[in-house]
Structure formats: structure tokens, C-alpha cells
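Chain by chain, the residues:
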There are 2 protein chains.
Amino acid sequence: MLRHAVVRFPAAFKRINVIRGGCVAQCSPCRSLEIHRHSHARVMTSAAAALSSSFQDKRDTGNTRAVVLLALSLIAGVGGIRTASPAQTEAGATDAGVKEIEYTKADVQAHKTIETGVWVTYKDGVYDITKFAENHPGGNKILMAAGGAVEPYWNLYAVHKDPEVQETIKEILGELRIGTLKHSPEDEKEVDLDDPYAHEPERHPAFKINTLKPFNAEPPGALLVDSFVTPNALFFKRNHLPVPDVKEEDYLLEVAVEGGKSFKLSLEDLKRDFPHHTVTATMQCAGNRRTLIHEVKHVKGLSWTGFAISNAEWTGVKLRDVLLWAGVPEEYERLGLAHVHFIGLDKDISNQTYEASIPINKAVDPRGDVLLAFAMNGEPIPRDHGYPVRAVVPGIVGARNVKWVGKVVASKSESQGFWQQRDYKNFSPSTDWDNVDFDSAPAIQDMPIQSAIATVEGGLEGEEEGGPLTIKGYAYSGGGRGVARVDVSIDGGKTWEPATIKEGGWKHGDYSRSWTWALWEHFVPEEKLEGLTEADICVKATDTSYNVQPESIEAYWNLRGVLANCWARQKVALRKVAA
Amino acid sequence: MLRHAVVRFPAAFKRINVIRGGCVAQCSPCRSLEIHRHSHARVMTSAAAALSSSFQDKRDTGNTRAVVLLALSLIAGVGGIRTASPAQTEAGATDAGVKEIEYTKADVQAHKTIETGVWVTYKDGVYDITKFAENHPGGNKILMAAGGAVEPYWNLYAVHKDPEVQETIKEILGELRIGTLKHSPEDEKEVDLDDPYAHEPERHPAFKINTLKPFNAEPPGALLVDSFVTPNALFFKRNHLPVPDVKEEDYLLEVAVEGGKSFKLSLEDLKRDFPHHTVTATMQCAGNRRTLIHEVKHVKGLSWTGFAISNAEWTGVKLRDVLLWAGVPEEYERLGLAHVHFIGLDKDISNQTYEASIPINKAVDPRGDVLLAFAMNGEPIPRDHGYPVRAVVPGIVGARNVKWVGKVVASKSESQGFWQQRDYKNFSPSTDWDNVDFDSAPAIQDMPIQSAIATVEGGLEGEEEGGPLTIKGYAYSGGGRGVARVDVSIDGGKTWEPATIKEGGWKHGDYSRSWTWALWEHFVPEEKLEGLTEADICVKATDTSYNVQPESIEAYWNLRGVLANCWARQKVALRKVAA
């Protein structure tokens, strides 16, 4: 068979347009003896390369769209040169009328690396983007889509939805189409109606999945630190039980005061009767970075690498307003009230629901900003994140931000639920399952200062050029404490420089209401790398209470593997730079 | 000359009563060729020794008085046996009518160690307590009085004021009297009337003085951790300027609201017009433990070893009540108010006063517990601590707990004073005086988790017996975060055990209103010391937000040397125990 599409490059591009064929060896999953000829168009011009490089250096997110457009235009050769039209590429046949090769999902999934070739699907088309990936204006993040559909990734970045960009993208894809996606019986989901997880929502393919049932997954760090507000589709997922299938029309929130009355509110009541507030707040799982604790001595718990944290704009009503309306006095102490419980609608097989509580001070404080939220980044809260209503408790560990809240209780005592009393606590390194006294430790509420490295770019071994290093990541502290500073070392902690806080972080005068993470970036100029073969990168953040991260994890090992907040470290081999 | 007093020991004590003489070599400061004969009565019986040892082991503070009485009785041989009467010892002459030797203060000061002999004065008497010191029921704390007056130490411990104990003490002293204190012209204070420090209050001799003018001093750790509430006389002192001499009748507190009215309140107004509240709160200097930072690279600042921290019961009126009365609304944001300034009455030579501010949220929060305090441990606040009124801001660094408050202002902006803007901030280790940007860092308000070792007793090299180790100290965290746990290691941090929190520390359900330190104690049984020649003691505390102390200080060095909160460490040589 022949390449399916007529590729028309402008004259200037032709000399670098290499058509390669004979990939039988590479395409083992195709299990066909036919020789496929894929498009491996090297379309980088020096202009586009310079542009791409300037895009990297400027790190100008505000101007992304213009740069993307220009880069895409250059790559696609827009400017009077005709390329394959969308009609040609989406119709399942070339303009020469040749029927396309059909590929299964498995075929596509087998093409995830530069070595095997990078394939993606868009609608029913299969595309070989191996060479285009190098020139993607958004960098190599496109490789995350390798072996699957590109739509979920485009959904993450508004730029792809721009009609002009869409047009250009389709033009480029036209050049790279290699076949049609074949619907195979194996693609059909087998639904076991007895499985409590039979009705889980769809999830973004980028997630690194920790467990499927319940679904627990973190996004790739590179995507996470790309935006201050995490897109809903990428927000880390921590489910303790199957996702309940709640219908808005059936939903009733019970609000009760111990020793007082109990009320039921529909979602409409909640939205109509209380003022709406929007709070940007970061949520983190207590087990974030647990992989470090596993390395010392294995513990029970999900192996979060460092991205079980995300940031969103939550909209809802203030829990304070609902509680005062329900009869909780500002001076709640006189009724002996001390905690507020959230009971979820998610149930285990014995019908036990998830539940947790927070100190009532946090709930009633007019500046505590606790929400019963119904929207996340301007959309109804997705099912995985608590549709239709979840508790959003800024500054407090994810486990108390109860999803699918069915009941709120102002109580004299702390929740006696498993996750409040027998989990999410931290102990001395000498405490293990044979001698643990769970009652001796406080339930985790707010959290210590934390940071992680998400990406290290430039100057690395294996790269064609040396150049400076750019290190990016996040930092976060609980309890409303802002991130005051992030220090970065490239010599294993001997010397430190403060990183640049790009967004979030400490605001003058605010010591108690910093609910978000800070995204930081650190630039190491080439001259500082001279003579080095390795950078031993260390990162430590400091919050506004000047709490710090400890150097290593050993002395903070704990049997539940929670609150791993030692320095973030990564060793990278550097490309040797000519003196 | 002869020994001054007739010592009558019960028969059973006589065989261990050793009278030693000929101390010319030891008594060099006496500059006399006469041979003095001092009483070195070895008065320990096996019963008293057993009692003393049981006192140590039980660590029973509640029963101290009874034990002291019994021990003193045994030592003094009370039980029908006549000893020297107070009349004999206080009259300056023996019952034989012999005139006593006269000693100067300098003579007494030269006897501070077991080697030179331990002398103390009581009223006009001079006493050699070298041997008694071993048997002192309160342990070797009595040695702190060596070379000076004992009265200030008795004042610290109520037991010494018990009439029965007083009687016994005087009887014992009668036995140990060696002379009379001679009033010498050098003892007279020279008062330079031009010296702004001419009218400073008297201070307890136990203090380790950092600077005299202004007076900055910390108490010995052993005395400090002896009581949960620090006696006024021992509370650490951190003065930035001379202590003002404020008369109650002249005192007026100005209360102003930016853009609003201003009021003046006398101390009587304050006490009469607002409800009184008592709050137990720990105060800590930001520079506590700065000696550790000096060790890495010297910084400006007082060399606090680890005891620039104390705990008291403060009584006063709530700042919240005064502010609301003065017109600050609960929703202070609508007037743009954001900070509350405290302006002291202490002035430098250019008439600049000390001042600082706190976030208004802390001041107005009904659970923030900020006081305008007029009493400390039930007494009017001593001059050194802010007489007649000081700000007490629980959970916040000492520097904002402004003493001698003359003015309180609810303001839109932070204090622009030196100590708010150009001091008491923390920076990256790469920041030094040539590149510091003070505006880039938040002013220290609350403080990170902290701990220190105060005493290590038992089993040490040089001691007659092996035995277990008992380690004592404190832990503290700012911002209302309680001390959740203290871990102790004796192997340099390889293994850890949780210490016993004796008082203070985390209370179930309280995450935001823990204002005090925790006193802890850790007991290492003898069998755990077997084969060890050294204990490398490490201590790290954890607060209710699970903030931790970092291992070492190097990576946290900062040019102002503040907030040194790495692990507390002490290496001790152990006495070899026979296998």
C-alpha cells in the first residue's frame, strides 16, 4: 500500500521532507507482512525552530495563542501553499480515492514512543505525529497523547479550541493521516452489573493511575504546573469508594445541629437561599509523595509520586451561612459544639459511607472560607469530584473535603469514622502496626509546607544543545499559610537561590487566608553549569509561619506514609558544554 | 581563728562528720595568711541518700514539699537533737561569743564550684554549702546560687517559703555558717544620671546575660523546665531599649482607629470598663537558639542558647473588646483595616519608640485571645516585662508582644517601624547584607515548631553510678498549633521514641488555640545504654499541623539568625556500666 495522503510542502521545506518506509519491524502489532509507509515529515525550518526556542525562553504564557498560531502556520506551510484539506483527511479516503488502512486501538496503543513511532487518533482518523511532536509549540506534552486520542489533551488547553487554531491543526493532521480507526469487539466495555464500580465516569488518559477501583490517579507533573488553576479533567482523583450516581432532582442535603434541629435542602434551595462565593483553593492528599516513604520502608497506601495535589476555583455557599441559618450560634461553645461532620453519599459494600469532620472554628470563622461547593472552575462539579455538592475546606487536607456530601452535622464530638480516627494520622518512626495507638495522635487537618519538582528542561544529557536549566514545580502550605519563599539548589543543598514565584504565594499582610499553592520556576544560567556533569537539584519551600521542609524522609517515616514533605530532589545528568 | 559554730550532730551522724581545715590554697581571694577552718560536714546518711534517690526516680513534683521536709529533717538531724539556733547564726557571733570572720562579696563570688568550695550568703551571713549541695533535695540547682545570695532562688520555689521548711533551712544554715558579709564601698552601685539605663530594675542572678544595656538574658534551662508556668523572676528578658519608668497615675493608653476616632484610657478605665481574661501563653524570641546559626556563619544578634522562651498566665482585657469599643467593626475589611499597631513607651536616644503590628484578623478574632495585659502570674506585670500594660499576642513572636504599650492603632497598613520592616524576617541562605531585600519577606508573626533539651541526668561519665538517663526539655509551636509529639533519639537520629509530654501539648480537637509550650521528659532505661560510651541525643517535635523540625541548621542559615528550629542535639559521655 501507499502513503494515503498527498503531502504538498512549500518548496523551501522539501529538502528536509524525508519519506521513510518499511516499518514492518517497528509495526509488530499490525501483524501484517505488508509494508506500510508512514509519513515522517521533517517540517522544522530554522524560522520555526527559532520561534519554538523563543517560545521556550520567554515562558510567556499570556501570549501563547499567538505563538502557537504562528508556529503552526509555519510548520503547516500556511501562506499561500495549499495543503491537504480536512475533507480529504476526515473522509476515510485519500483524494486519490484509495481506501485507507484500518488500525485497531491496540495498533495505535503500540505506537507511543519515538522509537516505535508516535501515533494518535482524532475522531476516526489515525495519525503518525512522530516528527511533528518535535515541533509542537506546546513542547513534548503532545507525547502524552501518544497511542491514544488527542481530544482529551486539546480539551485541557483553550488554545486548541480557537477556531483558527482548530483549522490549522486539522490542516497539519491532514498531512499526517495514515489510516482509519477500526472499531473492534475488544473495545467494547464489559460492564458487570454487580460491580459497584460499573458506573464510574470517564477519566482523562493522561492520569497516572494508582488504583482503578476505587479510582485514584495523579496527573503528570508537567501538565499540572502548566496552569495555576488545574483544568477539571486533570485535577487529581482520590476516591475511597465507588463514585455514587447522584441525580440532581433526587439530591437532598441534610443539615443537623446536635441537640437542635435538622433540615433538608435541595440543590435549588441551597443555590437560591444563600449567597454564592467563589474561592480558589488547593487540595492535597495527605499521602502525596508517599513513594519517598515506601523507599525507606514499605507502608500501606497509594504510591503518589508528587502530584496528588491540584488547584481549582470552587463556587458554592458558605458552610458558615448554612450553619448559622440552621441554628449554630457564633458562640458555638455555649452549646458545646466543637466539630462539623460531613457524611458522603459514597458507600462501601456494607453500606458504610465515607465521613470526616473539621473543627467548628474553621467552619464558622467568617474568614475560614469553607464552602458547600456546587461548581468547579465554572462548571458543575464533575462526578469524580463530588457532584452535585462537595465540602471545600481551604487549607485542610483533601480527606476532609468530603465529596458527594449528603449530610452536615454540627456536633460536640469529632467524627468517629474510620478515616478520621484510624487513618490520616501521623506517628513517630518507632510506631508500627503492632504498637500504634491511633487515639494518641491528632487527625490531620491542615498540612505542613510542601513542594515538588515537576519539570527540568534544557542542558540535559542526550539533548542536542547545552543551554541553561529551567526547573519548575509547585509549593503549598496548609492552614492558610502562604508560600513565603522557594529555595533551589543544584549542588545537593550546599548553596541555595530563591526561585521565582510565578503565581500564588505570599501576599503582603496575609498570614491566614492563603489557600492556594504557588507555582515557581528557577532558571540556572549556562555558566553556572560549566564543568558540572550532574545537577543534584534540591527544592525546599518556606511558609509565612517560616515552617520549613526537612532534608530527608528517614526520620519522618510513619506507618501510614502521610505528609512526606522533605526536600524535593532530582539528579539530572548534564550535557557537557564546550569550555 | 576557729570554726564559728558549735556543730552538734546526732551520734549516728558523727562518724561521717568530717571537719576539714587549712584551705589557704583554696581561698586565694581571701588574701589572708590566716588559716580558715570551714565546715565541710558530710551529713548524708544512707537513709537520706535513699530518699534523695527515690525523689529522683519518682520525679514526683506534686509531693515535693513532703520529700523536701523529710530530707531536710534527716540531713539536719531533726528529731530531738539540738542544733545551732537561728539566733546563733544570724547574730554575727557564735554562741561562744567569738567574733565572726568578715567576707566581701568578692570573696563569696570566688567560691562557686565544688573545687573552690561553694559559698552563699543569706542576709548578712556567709555559708559554706559545699557538702550540703550534694544532698539538697532540689538537686544541684542550688549550685546556681553559688557565690551569691540564696534568697532569689528561694523566691522561685514556694516550698522554701513554707514556715516549717524555713525553720529547717535556717537550722541547717546554722551549721554551715562561716562568717559575716562585709559591706564594701565597691558594692555601691555607681549611678550615672545621664545613662538612659540608670533606672533599670533588679534582675535575678540566675540569668545568663546576653547584653546588659539593653538588658537581654535567658534563664538556665534546668530552672526553666522546672515549672510549666515560669516564675516572673525567671521569665526571659528581651529589651530593645531602656526600660521606661512608668507611673500608674501617669499612664494613659491611646486607642486610635485610622480614619476614625482616638481615645485615651487610664489603667483604671481599662480595668473597670472591659471584662478581664486570663490566658496562659508562651512567648519566644525569634532569635532563640541563634547560637546554632552563629556556628555556621556569624550573624548579628544576641547569642540565645535555647531558653529565650518562657510561659506565663497573663491577665488583662481583650484587645478585641477595646477595638470594637473604639469603633472597629467585626467586618473590618469594609474600612480597609488590616493591621493593629502597638507603640511602646520605651524610647531610644533620638526619642524613637519601639513599635510593631499584628494582622487585624488575629486582634479581632474572638478566639485570637490577644490581651492588653496588666498582670503576669497574678502580679502586676514587672517593669522588665512591660509595666503597666503590655500586648500579649498568643502564638505570635515575642517582638509583636509589645511591652509598655502607650498606643494601639487599627490601621490600613502594617507598622513601618524598624523592627517590623527591617528586622525579624527570614531569608534564603544566599541572601546577605549586600543583596537583602527586606520587603520581599513577611514579618515574622507566628513561628515554626521548636524544641530544646534542658537537662540530661543520670548515667553520665564522672557520676558515681550508672543508671538510666532522664532527658528533659520543652517544645513549642506558634499560631495556636499544639505540640502533637516529641521524638527523642539517643543514637544520633537513627531510631526514635516518643517522649512523655508532662504538661501542655496537644488537646483533642484543638487545632488553633494551643498557646503554650509542652514540657516533656524522656527516660532511657539502663539496659538501652549497655555497651554505649556516648549518647548522641536528638530531639524533634511535631505540631498539630504536622510541621516538623529539620535535622540540621546549615540549609536554613539566614542573615538575621532567626527561627533556628533544627533538631535539638546534645552528645553526652556515658559512664560505663559493668556488664
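Calculation rules
Residues numbered from 1 in each chain as written. Chains lettered and ligands numbered in written order. Predicted model: local features only at pLDDT ≥ 70, side-chain atom pairs only at ≥ 80, totals over all residues. Heavy atoms only, no water. Helix = DSSP H or I, 4+ residues; strand = E, 2+ residues; numbered from the N terminus. Buried < 20%, exposed > 50% of the residue type's maximum accessible area, 1.4 Å probe, protein only. Contact = heavy atoms within 4.5 Å. Least-squares fit on C-alpha atoms with pLDDT ≥ 70 in both. 1 Å grid on protein atoms, 1.4 Å probe; cavity = no way out; pocket = protein on both sides within 12 Å on 5 of 7 lines; lining within 4 Å. Points joined across faces, edges and corners; volume = space filled by probe spheres on them. Nonpolar A, V, L, I, M, F, W, Y, C, P; charged D, E, K, R; others polar. Phe/Tyr/Trp six-rings, centres within 6.5 Å; stacked < 30°, edge-to-face > 60°. Salt bridge = Lys/Arg side-chain N within 4 Å of Asp/Glu carboxyl O. Buried area = accessible area lost by both parts, 1.4 Å probe. Pairing = 2+ DSSP bridges. Expected span 1.5 Å × (residues − 1). Polar contact = N/O pair within 3.5 Å; in protein donor to acceptor, adjacent residues only side chain to side chain. Axes fitted to C-alpha atoms, helices over the stretch in contact; angles between N-to-C directions.

Engineer: Looking at this structure, I do not really get the overall build of chain A. What am I missing?
Structural biologist: For chain A, the helix and strand inventory stands at 15 helices and 27 strands. A buried classification covers 58% of the 579 residues belonging to chain A. Sequence separation of at least 24 residues holds for 71% of the intrachain contacts in chain A that already meet a minimum separation of 6.

Engineer: Before we go on, may I ask you to explain the relation of the copies chain B and chain A in this structure?
Structural biologist: In summary, the two copies of the chain are related to each other by a rotation about an axis coupled with a shift along it. Take chain B, turn it by 180°, move it 0.0 Å along the axis, and it overlays chain A with an RMSD of 0.1 Å. In the structure described here, the two chain copies are related by an operation that fits a two-fold rotation axis. Identified as the residue of chain B closest to the rotation axis by C-alpha distance is B:Pro550, at 2.1 Å. Interface overlap between copies: 100% of the residues of chain B at the interface are likewise at the interface in chain A, consistent with a symmetric, same-surface contact.

Engineer: Even after reading the chapter, I still don't get empty space enclosed by the protein, so can you show me in this structure?
Structural biologist: Taking a probe equal in size to a water molecule and rolling it over the atoms shows the remaining empty space. For the structure on display, the rule yields 13 cavities of 30 Å³ or more. For the largest cavity, the calculated volume is near 760 Å³. When the residues that make up the lining of the largest cavity are grouped by side-chain class, the tally is 10 nonpolar, 15 polar and 10 charged.

Engineer: For this particular structure, what's the right way to read the packing of aromatic side chains?
Structural biologist: Each aromatic ring pair is characterised by the separation of its centres together with the angle its planes make. According to the stated counting rule, one finds 30 aromatic pairs over all chains in the structure shown. Relative to A:Trp567, the ring of A:Trp496 lies with its centre 4.8 Å away and its plane at 85°, an arrangement referred to as edge-to-face. Taken together, the positions of A:Trp496 in the loop between strand S22 (483-489) and strand S23 (497-498) and A:Trp567 in the loop between strand S26 (534-543) and strand S27 (568-573) put the pair 71 residues apart, joining distant regions of the chain. Each of the two residues, A:Trp496 as well as A:Trp567, counts as buried. Judged by centre distance (4.8 Å) and plane angle (50°), the rings of B:Phe263 and B:Trp325 are tilted.

Engineer: Explanation requested: the pattern of salt bridges in the structure shown.
Structural biologist: Two side chains that carry opposite charge are able to pair once their charged atoms sit near each other. Throughout the structure, instances matching the rule amount to 56 salt bridges over all chains. Of the charged contacts, one joins A:Glu268 and A:Arg272 as a salt bridge, the two residues approaching to 3.9 Å between their closest N and O atoms. Of this pair, A:Glu268 and A:Arg272 both sit in helix H10 (residues 267-273), separated by four residues, roughly a single helical turn. The two residues A:Glu268 and A:Arg272 agree in class, both being exposed. For B:Lys141, the salt bridge goes to B:Asp226, with nearest N and O atoms at 3.1 Å. One end of the pair, B:Lys141, is in the loop between helix H6 (130-135) and strand S5 (148-149); the other, B:Asp226, is in the loop between helix H9 (221-224) and strand S9 (237-238), with 85 residues separating them in the sequence. Among the ionic contacts, a cluster of salt bridges with common partners joins A:Lys318, A:Arg367, A:Asp369, A:Arg513 and B:Glu333.

Engineer: Is there a simple way to explain the interface of chain B and chain A in this structure?
Structural biologist: Interface size is commonly expressed as the accessible surface area that is lost when the partners come together. Opposite the 54 residues of chain B that make contact, chain A presents 54 residues. Summed over both partners, the interface of chain B with chain A comes to about 4,100 Å²; 49% of that surface belongs to carbon and sulfur atoms. Per-residue buried area on chain B facing chain A is highest for B:Arg367, B:Tyr511 and B:Tyr546; these three make up 19% of the total on that side. Our count for the contact surface shared by chain B and chain A stands at four salt bridges.

Engineer: Just to check I follow, could you spell out the side chain of A:Thr542 for this structure?
Structural biologist: All names here are of chain A. By the element assignment, Thr 542 lies in strand S26. Judged by its relative accessible area of 3%, Thr 542 is buried. Beyond its immediate chain neighbours, meaning those up to four positions away, Thr 542 contacts Ile 449, Gly 482, Val 483, Ala 484, Arg 485, Asn 547 and Val 548.

Engineer: Explain the sheet that holds strand S23 (residues 497-498) of chain B to me, please; I cannot follow it from the model alone.
Structural biologist: The strands that make up a sheet are held in pairs by hydrogen bonds between backbone atoms, and each pair lies either parallel or antiparallel. Spatially, four strands are ordered S23-S22-S26-S27 (chain B) in an open sheet, and the strand pairing comes out antiparallel. With partners counted over all chains shown, the strands left at the sheet margins are S23 and strand S27 (568-573) of chain B, one partner each.

Engineer: It is not clear to me how helix H8 (residues 163-176) of chain B should be interpreted in this structure. Could you clarify?
Structural biologist: All names here are of chain B. The terminal C-alpha atoms of H8, which comprises 14 residues, lie 20 Å apart, in line with the 20 Å expected from a rise of 1.5 Å per residue. Counting buried positions along H8 gives 10 out of 14 residues, so the element sits mostly inside the fold. By the burial criterion, the buried members of H8 are Val 165, Gln 166, Thr 168, Ile 169, Glu 171, Ile 172, Leu 173, Gly 174, Glu 175 and Leu 176. Here H8 starts with a cap whose side-chain oxygen sits 2.9 Å from the backbone nitrogen of Glu 164, and that cap is Asp 162.

Engineer: Would you mind showing me how to read the environment of B:Leu345 here?
Structural biologist: Residue and element names in this part refer to chain B. Examined against the element boundaries, Leu 345 turns out to sit in strand S14 (residues 339-347). Taking the C-alpha atoms as reference points, Leu 345 and Gly 406, 61 residues apart in sequence, are found 5.5 Å from one another. When near neighbours in sequence (up to four residues on either side) are disregarded, Leu 345 contacts Pro 244, Val 246, Tyr 251, Lys 403, Trp 404, Val 405 and Gly 406.

Engineer: Help me out: how do you make sense of unusual backbone geometry in this one?
Structural biologist: Both trends apply: most residues other than glycine have a negative phi, and most peptide bonds are in trans. The amide bond that connects A:Tyr387 to the next residue, A:Pro388, takes the cis arrangement and shows omega of 5°. As for its placement among the helices and strands, A:Pro388 is situated in the loop between strand S17 (379-380) and strand S18 (390-392). A cis geometry characterises the amide bond from B:Lys213 onward to B:Pro214, with omega recorded as -5°. Structurally, B:Pro214 can be placed in the loop between strand S7 (208-211) and strand S8 (216-218).

Engineer: I'm lost on the environment of B:Gly561 in this one. Help?
Structural biologist: Residue and element names in this part refer to chain B. The topology assignment puts Gly 561 in the loop between strand S26 (534-543) and S27. Measuring from C-alpha to C-alpha, the distance between Gly 561 and Thr 291 comes to 8.6 Å, with 270 residues separating the pair along the chain. Each residue touching Gly 561, except ones within four places of it in the same chain, is listed here: Gly 287, Arg 290, Ile 293 and Val 299.

Engineer: Teacher, can you tell me more about the sheet that holds strand S21 (residues 469-476) of chain B here?
Structural biologist: Residues and elements named next belong to chain B. Taken in spatial order, the four strands of this open sheet run S20-S21-S25-S24, and their pairing is antiparallel. Single-partner strands in this sheet number two, and they are strand S20 (450-457) and strand S24 (500-503). For this sheet the average axis-to-axis angle between neighbouring strands, irrespective of direction, equals 30°. Both S20 and S21 contribute to a ladder of seven bridges, which runs antiparallel.

Engineer: Whenever I open this one, the pairing of strand S13 (residues 309-318) of chain A confuses me. Can you help?
Structural biologist: Along any regular strand, the residues point their side chains to alternate faces of the sheet. Residue and element names in this part refer to chain A. For S13, the buried fraction is high: nine of the 10 residues fall into the buried class. In this sheet, S13 lies alongside strand S12 (residues 276-284) in antiparallel orientation, the contact comprising nine bridges. Note that in S13 the partner of Val 279 across the bridge is Trp 314. Of the strand pairs in this sheet, S13 and strand S16 (residues 371-376) are connected by five bridges, and their pairing is antiparallel.

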